[in-house]
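Breakdown of the fold
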Amino acid sequence: MNPDGLLVVGDLSDGDLRLTKRIAALPLPLAVILGNHDRGHDKSGGILRQQLALLGEHHCAWSLHGWARPPISVVGARPCSSGGGFHLSKAVEAIYGPVSREQSIDRIVQAAAQVPDDQPLVVLAHCGPTGLGSEPDSPCGRDWKAPFVDWGDQDLAIALDRMAQRRCADLVVFGHMHHQLKRGRGLRRSLLLDRRGTAFLNAACVPRKGVDASGRELIHFSWAEFKDVHLSRLSHRWYTPNGELTHEESLPLPDLVSC
Ligand SMILES: [Fe+2]
C-alpha cells in the first residue's frame, strides 16, 4: 500500500502508551490528533501528558503541520473531543487551560490561514463537525440513544465556515463515531461531499481488523489521494496482512474538487 503519509484520528487505546510509541516511531510523515479515550481514566491529565510527550511534534492539536513531501498542510482541531457540541475534559483543561469555544475556533482558523495556496488543506479532528446530519447514521449522528441528534463539534463547524471566507478545507478527516451503529441499525455514512466541495471522511471503522466471508483476515485503512491541490480519490480500503488490496469503497468526486 505504501502511503506517502499517515493521519491518525485518535482513540488509540484507553490510555495504554504502547501503540502511541509504535505510531510515533513510524518512518513516514505523520499527523495525529488524540481522542477522548487516550487520557484513560486519568482526569488529572497525567496520562494525556505522557501521550503528548511521546507524539511530540506529530500531535497537531490547534496547529498547522506542513509536510514537505508530500506537500500537504494538516490543520489540527480540538484534541480529545467526545463530540456533542463543545466540551473540554478535565484532562484537556489541565494541559491546555480553560480554552473557550471561541478560542478553539480562532486557533483552528488561524492555523488554516497559514496554509499555502498551492497545498491541499486537510483538517484532522477526533470528532467531526456539526452540520453533517442529525440521523443516527449521519457521519456524526448520535446513534446510541434517542433522541437522535447531531453529535458533531460546534467549534469545528464554525471554524470551517470562517475558513471558507478565505479558502475551504479540501478534506476533513475524523473518527470517534463508529461506523457500526448500535442495536443493529447498520452502518453510518462515512464519506460525504458538501456543497462547498469539502470532502468529509469518518475513518472510525471499529474494530479495524476483521475477517471476510471466507475467513481471510482484513485490515481497514482510509485512503486519500491528491492531484496538485485537488482531492482526486477518497475511499475506505481493506487489505490483507500482506498488503493486498481486496475491497474499496470510494466517494464519487467531481473531476476537480475545489472551493
Ligand atoms: Fe472518541
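Check the entry above for the structure.
In short, a report on the structure. All values reported here derive from a predicted model rather than from experimental measurement.

So, how was this worked out
Along each chain, the written sequence defines residue order, and numbers are assigned to residues from 1. Reporting in this predicted model follows two pLDDT cut-offs: at least 70 for local features of residues, and 80 or more for side-chain atom pairs to be given and counted; totals over whole chains, interfaces and linings ignore these cut-offs and use all residues. Secondary structure elements are taken from DSSP: a helix is a run of H or I of four residues or more, a strand is a run of E of two residues or more, and numbering for both begins at the N terminus. The size measure is the radius of gyration over C-alpha atoms, and the globule rule it meets is 2.2 Å times the number of residues to the 0.38 power. Any residue whose C-beta has 12 or fewer other C-beta atoms within 10 Å is treated as exposed, any with 20 or more as buried, and any in between as partly exposed, C-beta atoms being built from the backbone. Contact between two residues is assigned whenever their backbone-derived C-beta positions fall within 7 Å. A strand pair is defined by DSSP finding two or more bridges across the two strands. Every angle, taken between N-to-C directions, lies between 0 and 180 degrees, and every axis is a line fitted to C-alpha atoms, over only the stretch in contact when it is a helix. By definition, a nonpolar core groups buried Ala, Val, Leu, Ile, Met, Phe, Trp, Tyr and Cys residues that connect through C-beta atoms lying within 7 Å of each other.

Some points on the overall build of the protein chain
Secondary structure summary: the protein chain contains five helices and twelve strands in total. Its C-alpha radius of gyration of 17 Å places the protein chain within 12% of the 18 Å reference for a compact globule of 259 residues. Taking the principal axes of the C-alpha coordinates as reference, the protein chain spans close to 50 × 45 × 40 Å. Classification of the 259 residues of the protein chain by burial places 40% in the buried group. In the protein chain, of all internal contacts separated by at least 6 residues, the share reaching a separation of at least 24 is 67%.

Some thoughts on the sheet that holds strand S12 (residues 245-250)
Judged by pairing direction, the sheet is antiparallel, and its four strands sit side by side in the order S9-S10-S11-S12 without closing on themselves. The outermost strands of the open sheet, each flanked by one partner alone, are strand S9 (209-211) and S12. The average angle at which neighbouring strand axes cross in this sheet is 35 degrees, direction not considered. Note: strand S10 (residues 217-227) against strand S11 (residues 230-239), nine bridges, orientation antiparallel. When the bridges of S11 are listed, Trp223 appears paired with Ser235.

Section: the nonpolar core
Counting 59 residues, the largest nonpolar core has Ile33, Leu124, Ala125, Leu171, Val172 and Val173 as its most contacted members. Per element, the largest residue contribution to this core is six residues, and it comes from helix H5 (residues 154-163). Those residues in contact with Ile33 that lie beyond four places of it in its chain are Val9, Gly10, Cys60, Ala61, Gly76, Ala77, Pro79, Leu124, Ala125 and His126.

From the geometry alone we can't say anything about function, so treat these as descriptive.
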